[in-house]
Every structure is written in structure tokens, then in C-alpha cells.
Amino acid sequence: MRHLSSAVGKAAIFLVVIINQINQINSFGLNVNNHNLTRFSSQSLFAKPKAKFDLDAIEALEAELDWQEKNKANADGEGIGKEEEEDWFDIESDHDDVKIFEVSAELKNKRIDAVLSAMEPDMSRSQCGSLITSGMVGILSPSEKKQGRKPTVCIRKSEKLPEGTQLYVKHLEEESPTEIVAQDLPLDVLYEDEHMIVLNKAAGMVVHPAVGNWQGTVVNALAYYLAHKSPFGSGEFIESDGKVKADQADGVDAVGANGEVVSFRPGIVHRLDKGTTGILVVAKTRDSLSALSAAFAAREVKKTYIAVTVGNPGKRIVIDKPIGRHPIHRQRMRVVPDPSKMNSSGMTVKERNDFGVGKSAAQRGRKALSFVDTLAFDGKLGVAQVRIETGRTHQIRVHLQDRTTPVYGDDVYGFADWNKRLVKSQGVQRPLLHAFKLELTHPVTGKKMIFRAPMAEDMIKVAIGTWPQGPTEREDIFELQEVEIIEE
């Protein structure tokens, strides 16, 4: 019989526990057939048994039985489909477009979309969910693998998988565009000349085209703006029709601040997360790109942010903690634990040793330095100013999470219950983080320039609710300011 019912399975588990209890009683030299059990005190009957049960094994078995029951009961259409399993989930044949993963102990009994997201760091959780509901993911439980069965298609994103389950993931080949599509999208231009342009990036806008976001980015909008609207010309990267120039199609002859050759990122010097608003500098010429990239790499550009936080991060706080990629959830970053401190991480000895001597600098994390100063706190939410010396991925969000005062609305590093409250009360579904001020040296004139950008309306509303005196005490955060140029 291929599938056990949940009731029978759990009854079997209960029977195992009873048998162990009986064995425990027999270990005291007592006859269980003797009805004279009055000599047992209530304390001995209900005392913690000395026999050790493998709770992990029981949980894994329960998950396996639940999985099998859902696999069998598929009448509601939300279970696991088995149609066409022979078409592409064929273990015996080779498929270049099928990847095979196995659920590790760290990911056991988690949702399949979360498991897939952890195993495919280049895909977002929503993309993984779409892959699942499209019938592109098959699963094979440990017991079915032993029986020599084939994987079955799983279309239920919330399906929880026991340890050892194999995932068969089929990726549809996505055609990469050969050119940037110029789009007439709104841009908030703070400053522009022949050499560079400075924007106040809107929330929800990705900086440059990439897998899953080939259009609707800042670069798409800039391609149109520079070709059709700019009073200072389109620069060296964009043609008059909005296309990237032919000799720039595969990337300009310059290296960005992150060490990557620029491709589909003409003029992009640095980036902001999709949900983050604020100042973004873009070069319009090769010389400007090289000069600005060098300035960012040398940490000569000063970057200051405003964040609404859950809790109070503190006054004049220095956070000097390395940041590295999460070992399991590969799309996330984290403060890398210090292996020299026994209780600094909450990790096991093995996990701490994994980041110890012999590991590369990347595995131990990269230096990340943030300066945090709370401007206001109402007992629940705070408005903090954060200056970053380094520019690690998600640096502010990770450092504030490490202080247990995460950015309000951050669905990756924040508090889920607080995020829900923000959605319900304000309709905001993004981290309330804003790149407020940027100080740099002009790449051509050499003059020092200070740019300030006001927060977006959704963040202003929350900030004023927390800090009513904010617009009076710090007008520069709430209102548009002129560019400051310092003659030297």
C-alpha cells in the first residue's frame, strides 16, 4: 500500500511511545500484567521518563505522513498533481534544464517556496512561487525514492517538505534582451549637467535591468529622458533614439564601484534597493564613470540615510560588524558571528567554527561600518540618521536588524507583525529607508557638492507621526533643498 493515512500513521507513533513507556516500567523490574499498580505514586507515573525519544525522527515521520496524505487527497485541486510526470520528471534520462536539490536538515518541514528560494539565490521567493504554481517543480519523498518511484509535480506553494526530499526544478529559458528599452517613466531630477545626473529614486523602482526586471527600471527611464528630454544632451552611452550605443552594448570600458564590468548598466555607479528611495548618481560619460567609480571605491563619497525603525537604535552608535551572505537563505545578508566569542551568535560550535580560521575573507564577511543617531523616538518607533562608511549589500537593514531595531516595513529583516500593522494603517509595503544626503567631488570640475533629497510622502507621513517637530527641527529632511556647491 503506497500511502498510509494520517490517522493510522499517528496511531503508530503513539503505539511506539506506549511501548517505550512500558519498557521504561519493565526497566524497574515490574510486571505490567500485575494489576496491583497501587504502589506507583502519581509522581512516578508522570515523572519524566529516562528513555530518550528521537523527537526529530518523530517530527520527520509526521511530516512524511502528512505529505503522503496530501499527495493522496487531491480532490480540492490544491494538492500535488501527478499528470505528465513521465514527460520531464524522468530520473533515468538526462535533462540539461532540470536541477535536482535535496532538502537539508536546516530546511526540513519548511514551505517548498522557501526551500526553493534558499536553494536558488538568484531567484526571489515570488519567482520561486510562480515556478511552483506553473508546474515546474517536482518532488520525491525519501520513502518513494526507496520504492523506485518517479517525482510528482507540486503546484502548492505552502507544501512542507520532510528532510531528504528531492526537488526537481525545470527552468524555462528566459530570452535576454539585446538592448535596453527606452521608456518614458517619471524621474525626479535633482541635478544634471553634461557629465552626470543626480536623481531622487522612487520606491519600487529597480536601478538597472536584470533577470526578472528587464523593463521599468531607472536605466530604462534614463535612456528615454537623456535622448528626448535632457537639456544637457544624452551623454556618451545613449543614442538619440534612446538605445545604448553599439560599442557600449556589452558594457563600457570601465569597472564599476563593485568591481563588475558595466553591462546593461550604462553610467550606473552605485545602487539602491528596490524599496529604498533617495539619491542616486549616474555618470553620462566614460571619464565621469571612471572618476565617480574610483571615488566610491575609495570611500570618498559620504552617504547618509534616514530610517524609520521599530524601537530605538540609540544615540551616536557605531556599528562595526562584518556582513556576509546568509549560509542558508542565500538572498539574504547577515552580520557574520565572531567565532572568538562563545555567545555572540547563538550558533552551534560547529557553525562558529565554519567561520573561523582557514576561511576566506568573503566567508568570514566583509567589513561594514555604520554610524547611527536616533533623531526621535515615541516609545515605539524611531527616526534615525545613519551614515555608512562602507557600502555592503543591505548594510543598514542588516546592522539595524542586529540591534533588534529593524527598519519599519522591511519584509526580509524586519518584524512581520509590525510590517502588517504598517500595511493596515498606512498601506505601505516597503522598508522605510531613504538615501537622504550624498557628498562628493564633481568628477570634472573638482568642486565639492552636497545633495539632499526629501523623503517620499509615505515615509514623511509615518515620520511626522513619530516626530511631530521634525519638519521644524530638520527641514532639510522633509523639504527639497538646493544643491550646495563648495568652492575650494
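Provided above is the structure to which this section pertains.
Residues numbered from 1 in each chain as written. Predicted model: local features only at pLDDT ≥ 70, side-chain atom pairs only at ≥ 80, totals over all residues. Heavy atoms only, no water.

This brings us to the pairing of strand β15 (residues 381-388). Most of β15 is tucked away: 6 of the 8 residues are buried. Bridge analysis of strand β14 (residues 369-377) against β15 gives 7 bridges, and the strand direction is antiparallel. Note on β15: the bridge partner recorded for Ala-376 is Val-383. The antiparallel pairing of β14 with β15 creates a hairpin that spans 3 residues between the two strands, and Gly-379 there sits at a positive phi of about 100°. (Buried < 20%, exposed > 50% of the residue type's maximum accessible area, 1.4 Å probe, protein only. Helix = DSSP H or I, 4+ residues; strand = E, 2+ residues; numbered from the N terminus. Pairing = 2+ DSSP bridges.)

Of note, the phi angle at Arg-299 is positive, near 60°, even though the residue is not glycine. According to the relative accessible area criterion, Arg-299 is partly exposed, its value standing at 38%.

This paragraph deals with the sheet that holds strand β6 (residues 166-170). Strands sit in the order β1-β6-β3-β4 across an open sheet of 4 strands; the sheet is antiparallel. Every interior strand has two partners, whereas the edge strands, β1 (98-102) and β4 (152-153), have only one. Bridging between β1 and β6 involves 5 bridges; their strand directions are antiparallel. Counterpart to Lys-99 in the pairing with β6 is Val-169.

What follows concerns helix α12 (residues 395-402). With 6 of its 8 residues buried, α12 lies for the most part within the structure. Every buried residue of α12 is listed here: Gln-395, Ile-396, Arg-397, Val-398, His-399 and Leu-400. Positive phi appears at Thr-404, one or two residues downstream of α12, with a value of about 60°.

Now for the pairing of β6. Of all 5 residues in β6, 4 are buried, a share of seventy percent or more. One ladder, built from 4 bridges, connects strand β3 (residues 137-140) with β6; its direction is antiparallel. Paired with Val-137 across the strands is Val-169, a residue of β6.

Next up on the list: the pattern of salt bridges. Where charged atoms from two side chains of opposite charge approach closely, those side chains can pair. For the structure on display, the rule yields 16 salt bridges. Residue Lys-321 pairs with Asp-402 through a salt bridge whose shortest N-O separation is 2.6 Å. Remark: Asp-402 occurs in helix α12 and Lys-321 occurs in the loop between β11 (317-320) and β12 (323-325); sequence separation between them is 81 residues. Using a relative accessible area of 35% as the deciding quantity, one classes Lys-321 as partly exposed. Where Glu-439 meets Lys-437, a salt bridge forms, and the shortest distance between an N and an O atom there is 3.8 Å. Residues joined by salt bridges that share partners form a network here, namely Asp-273, Arg-397 and Asp-410. (Salt bridge = Lys/Arg side-chain N within 4 Å of Asp/Glu carboxyl O.)

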